[in-house]
Amino acid sequence: MINGATLRDAVISAAHNVNNNRKAVDALNVFPVPDGDTGTNMSMTINSARKELERLPDDVTVGKVASKTASAMLRGARGNSGVILSLIFRGISKGLKGYEEIDSRTMVLALSYGVESAYKAVMKPTEGTILTVVRLACQAGAKFGTENKEAPFEDVWAAVIEGAKDALAQTPEMLPVLKKAGVVDAGGQGLLLVFEGMQSVFKDGKIMEDAEQAEVEEKVEEAPKAAPAENAARYAYCTEYLVLRDKSSTKDPLSLKAYLESIGDQLACEVDEDFIQVHVHTNEPGKALNQGKKHGELVKVKITNMFQPAINRGEDERIARIDLDKYHTDPEVPAESEEEASSQKFEKVEPTKEIGFVAVCAGDGLSELFKEIGADIVVSGGQTMNPSTEDILNAVEATPAHTVFVLPNNKNIIMAAEQVDPISSRNVIVIPTRTIPQGITAMLHFNPDEPVKENHLSMVKSLDSVSTAQVTFAARDSEIDGFHIKKGQMLGMENGAITVVEDDPILTAYKVTRHLCSRKTEMVTIFYGEGATEDDAGTLENMINDRFGSIETQVVYGGQPVYSFIISVE
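Residues numbered from 1 in each chain as written. Predicted model: local features only at pLDDT ≥ 70, side-chain atom pairs only at ≥ 80, totals over all residues. Heavy atoms only, no water.

Caption draft 1: The arrangement of unusual backbone geometry in detail. Although it is not a glycine, asparagine 495 sits at a positive phi angle of roughly 50°. Position of asparagine 495 among the secondary structure elements: in the loop between strand 15 (490-494) and strand 16 (497-502). For valine 562, which is not glycine, the phi dihedral falls at a positive 75°. (Helix = DSSP H or I, 4+ residues; strand = E, 2+ residues; numbered from the N terminus.)

Caption draft 2: Geometry of the sheet that holds strand 10 (residues 401-407). An order of 9-8-10-11 is seen for the four strands of this open sheet, with the pairing classed as parallel. If you trace the sheet from one side to the other, it starts and ends with strand 9 (377-380) and strand 11 (427-430), each paired once. For this sheet, the mean inter-axis angle between neighbouring strands, taken without regard to orientation, is 25°. (Pairing = 2+ DSSP bridges. Axes fitted to C-alpha atoms, helices over the stretch in contact; angles between N-to-C directions.)

Caption draft 3: Examining helix 18 (residues 505-516) more closely. Taking 1.5 Å per residue as the helical rise, helix 18 with its twelve residues ought to reach 16 Å, and the 17 Å between its terminal C-alpha atoms agrees with that figure. Turning to helix 18, its buried residues number three or more, namely Ile506, Thr508, Ala509, Tyr510, Val512, Thr513 and Leu516. Buried residues along helix 18 sit in contact with strand 12 (467-473), strand 15, strand 16, strand 17 (523-528), helix 19 (534-547) and strand 19 (565-569). Structurally, the start of helix 18 carries an N-cap: the backbone nitrogen of isoleucine 506 is 3.1 Å from a side-chain oxygen of aspartate 504. (Expected span 1.5 Å × (residues − 1). Buried < 20%, exposed > 50% of the residue type's maximum accessible area, 1.4 Å probe, protein only. Contact = heavy atoms within 4.5 Å. Polar contact = N/O pair within 3.5 Å; in protein donor to acceptor, adjacent residues only side chain to side chain.)

Caption draft 4: How the structure looks around the environment of leucine 28. Along the chain, leucine 28 turns up in the loop between helix 1 (4-26) and helix 2 (38-53). Considered as a pair, leucine 28 and valine 184 are 156 residues apart in the sequence and their alpha carbons are 7.0 Å apart. Leave out the neighbours within four places in its chain, and leucine 28 touches Val183, Val184, Asp185, Ala186 and Gln189.

Caption draft 5: Looking closely at the packing of helix 1 against helix 9 (residues 186-204). At their nearest, the axes of helix 1 and helix 9 sit 7 Å apart, and the two run at 140° to each other. Between helix 1 and helix 9, the interaxial angle falls into the category oblique. Crossing geometry of helix 1 relative to helix 9 is assigned as right-handed. Here Thr6, Leu7, Asp9, Ala10, Ser13, Ala14, Asn17, Val18, Asn21 and Val25 of helix 1 lie close against helix 9, whose contacting residues are Ala186, Gln189, Gly190, Leu193, Val194, Glu196, Gly197, Met198, Ser200, Val201 and Phe202. Partitioned by chemical class, the residues of the contact of helix 1 with helix 9 number eleven nonpolar, eight polar and two charged. (Parallel < 35°, antiparallel > 145°, perpendicular 65-115°, else oblique. Left-handed = near helix turned anticlockwise from the far one by under 90°. Nonpolar A, V, L, I, M, F, W, Y, C, P; charged D, E, K, R; others polar.)

Caption draft 6: Main features of the packing of aromatic side chains. In this structure the tally under the stated criterion is seven aromatic pairs. Look at phenylalanine 153 and phenylalanine 202: their rings are 4.8 Å apart centre to centre, the planes differ by 65°, and that puts the pair in the edge-to-face class. Here phenylalanine 153, found in helix 7 (residues 153-174), pairs with phenylalanine 202, found in helix 9; they are 49 residues apart in sequence, far enough to count as distant. Here phenylalanine 153 matches phenylalanine 202 in class, with each residue buried. Look at tryptophan 157 and phenylalanine 202: their rings are 5.6 Å apart centre to centre, the planes differ by 85°, and that puts the pair in the edge-to-face class. Here tryptophan 157 is found in helix 7, whereas its partner phenylalanine 202 is found in helix 9, with 45 residues between them in sequence. Judged by relative accessible area, which is 1%, tryptophan 157 ranks as buried. (Phe/Tyr/Trp six-rings, centres within 6.5 Å; stacked < 30°, edge-to-face > 60°.)

Caption draft 7: Focus on the sheet that holds strand 15. Spatial ordering of the open sheet is given by 16-15-12-19-17-18, a layout of six strands whose pairing is mixed. Looking along the sheet, the strands with just one partner apiece sit at the ends: strand 16 and strand 18 (552-557). On average, adjacent strands in this sheet sit at an angle of 20° to one another, irrespective of strand direction. By the bridge criterion, five bridges tie strand 17 to strand 19 in an arrangement that is antiparallel.

Caption draft 8: Representation of the nonpolar core within the structure. Residues Phe195 and Met198 are the most contacted members of the largest nonpolar core, which totals 70 residues. Contacts of phenylalanine 195, omitting those with residues within four sequence positions, involve Leu111, Val134, Ala137, Trp157, Val160, Ile161 and Ala164. If you look at the next biggest cluster of nonpolar residues, it comprises 32 residues, including Ile355, Ala359, Ile440 and Met459. (Core = buried A, V, L, I, M, F, W, Y, C linked by side-chain atoms within 4.5 Å.)

Caption draft 9: Expanded view of the environment of alanine 15. Residue placement: alanine 15 occurs in helix 1. Looking at alanine 15, the relative accessible area reads 0%, which means it is buried. Separated by 33 residues in sequence, alanine 15 and serine 48 place their C-alpha atoms 9.0 Å apart. What alanine 15 contacts, discounting residues up to four positions off in sequence, is Ile46, Asn47 and Arg50.

Here it is in structure tokens:
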């Protein structure tokens, strides 16, 4: 039997294990486009639960731990992998409801509810993914437990792990793209890390160490601690630094804001052409510094232990001194969370109208455009910056409408958006927009004189009337769809599929747009963003006009990160 404290520690251990190995999981992604990578998404999702569980006492029940875990992971879920992980734990919570202690049979039965929950949420389940791994792991645990009724809890869970390993090894045979790349499914690998992290507690009673936090503790000389007041802040270290920006870096400074918000609060992040100035309260100052250094050189650092009595501060303020030479830039990892969605503070309001809109996008130009065409609130986020379910929920609750249409505008955000309706006080309708042009088209097809149901149908139907071209850079070497892609090359995508690989962004944009244009094409809209100028967009427009003289074209400033061009073809 295991009690609530053991299950609590097991989930915390799992969070540490995923966090420690998230970069290895990220590296399994075979698609070369910079995106919200699987390991980081899963890590941020389960760490949202860790923060809640660390506050629970030792006499907590199993049911309470499971409920807290599921609720926190639901709200913190990011990306498709994070949402599926949260759904697995939601099912587990259902199976453990009301229990003070559990045996292995109950735990495996609860896991089967998790399998059911995950499969039900995916419209077209694909085998060879995390879904396969959790299903076969559960079956292996159930089989072992049935055949070995007196086996200890940890032995049954070991069978679950072995089942997950066997299933993971099979994923390349189920998905040819994995086999060609010579990797296993990233989501399945992340789930195996969760199970292994839990086993460290079930078997040995040990919570796996958070390697990054251990590194911080070695490098930061802490000021003498005093017991915090009863209502003291959650975060101990006021961390301030100045970054001299690396002009050759392609990293978006807005991603730094999102990361810092995920590990602290009281964030102020000012960005200009030459510098990034940061102030954040956090328990993980080392992580904050490492993330900042990815954007350039740290030229000024100050870390203050805020738990030190205020009377001892002032001129004699005790500051943890950092040896900047010891800090290294971690291997490049695409920014994960979102542009600055977590740092946006949305205040809940009462409905004053029938219909409202929440749109997700990155880029000040695109944000203004969505507001101009009717969006009440724009959540900052996109390809490398997946907002969490809670980010979208908060935006919905801040929309003064009884029914709120949500436009995710990215395939990796749709599932997170779909989790909002059950936990919102509003009627939430998600339009499954996979791109920015689809989101704009859907909003333009809204008719205020029509009822909600008819608008829902017409907006969804409108998505087929627009095609999307996107131009970005390759985040990693890759072989996919017959292309031998080198890191840094420009990728042209047609409705998400790579069809052009070139070295020049304008030529890439022209070729991919040309592929999408036909005799029926009436309008081409060019949104230019990071890595492109208005002149570049004008050159592209002229090239399209020279090739298709009868097509109407327009250039719009989007300001989007990651993508030099997003092109709408209608």
